[in-house]
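The lines below spell out each chain.
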Amino acid sequence: MKTINVSISDLEYNKFGIKKDKLTFSDLVDMVSKELTKQNLTKSIELAEKYGLSKMTMDEITKEVKNAGL
């Protein structure tokens, strides 16, 4: 097994909720994936609100998707 060292700031350490100094690669990937998912969801919500998509009904969304051929 190989070992790598990664330096991160205290802010990032706390942001990711890291509780120990040694992690498996799978744990690191999981933490980063969750953070990226949160960031993408936040951006999606911001864009939906900006362009009025958050006010659409499910029927309106379904019609838009069908019209787009998706």
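Conventions we followed
Residues numbered from 1 in each chain as written. Predicted model: local features only at pLDDT ≥ 70, side-chain atom pairs only at ≥ 80, totals over all residues. Heavy atoms only, no water. Helix = DSSP H or I, 4+ residues; strand = E, 2+ residues; numbered from the N terminus. Rg over C-alpha atoms; globule rule 2.2 N^0.38 Å. Buried < 20%, exposed > 50% of the residue type's maximum accessible area, 1.4 Å probe, protein only. Patch = residues over 30% accessible without salt bridge, like charges linked within 9 Å, V, L, I, M, F, W, Y side chains within 5 Å. Areas by Shrake-Rupley, 256 points an atom, 1.4 Å probe, with all protein chains shown as cover. Salt bridge = Lys/Arg side-chain N within 4 Å of Asp/Glu carboxyl O. pLDDT = per-residue confidence, 0-100.

Student: It is not clear to me how the overall build of the protein should be interpreted in this structure. Could you clarify?
Tutor: In terms of regular secondary structure, the protein is built from three helices and zero strands. Listing the helices and strands of the protein from first to last along the sequence gives α-α-α. A compact globule built from 70 residues would reach a C-alpha radius of gyration of about 11 Å, whereas the protein, at 19 Å, exceeds it by more than 25%. The dimensions of the protein, computed from C-alpha atoms along their principal axes, are 50 × 25 × 15 Å. When the 70 residues of the protein are sorted by exposure, 6% land in the buried category.

Student: I'm lost on a nonpolar patch on the surface in this one. Help?
Tutor: A surface patch of nonpolar side chains, amounting to about 780 Å² of accessible area, comprises Ile4, Val6, Ile8, Leu23, Phe25, Leu28, Val29, Val32 and Leu36. When you line up the elements, Leu36 lands in helix 2 (residues 25-50). We classify Leu36 as partly exposed; its relative accessible area is 45%.

Student: Hey, could you run me through the confidence of the model for the protein in this one?
Tutor: Should the pLDDT be low somewhere, the predicted coordinates at that spot are not to be read in detail. Counting all residues, the mean pLDDT for the protein is 91, and 99% of those residues have values of 70 or more. Within the protein, the element-level pLDDT minimum falls on helix 3 (residues 58-68), averaging 90, and the maximum on helix 2, averaging 94.

Student: What is the right way to read helix 3 from this model?
Tutor: For an α-helix, the turn length of 3.6 residues means that residues three or four places apart are oriented alike. Among the eleven residues that make up helix 3, zero are buried, leaving the element largely open to the surroundings. Of the residues flanking the end of helix 3, it is Gly69, one or two places downstream, whose phi is positive at about 75 degrees.

Student: Where do I start with the pattern of salt bridges in this structure?
Tutor: A side chain of one charge can pair with a side chain of the opposite charge if their charged atoms are brought near each other. Taken as a whole and judged by the stated rule, the model has two salt bridges. Lys15 is the partner of Glu35 in a salt bridge, and the nearest nitrogen-oxygen pair spans 3.6 Å. On the criterion of sequence distance, the pair formed by Glu35 in helix 2 and Lys15 in helix 1 (residues 10-15) is long-range, its members being 20 residues apart. Given the relative accessible area of 12%, Glu35 is considered buried. Residue Lys15 is classed as partly exposed on the basis of its relative accessible area of 48%.

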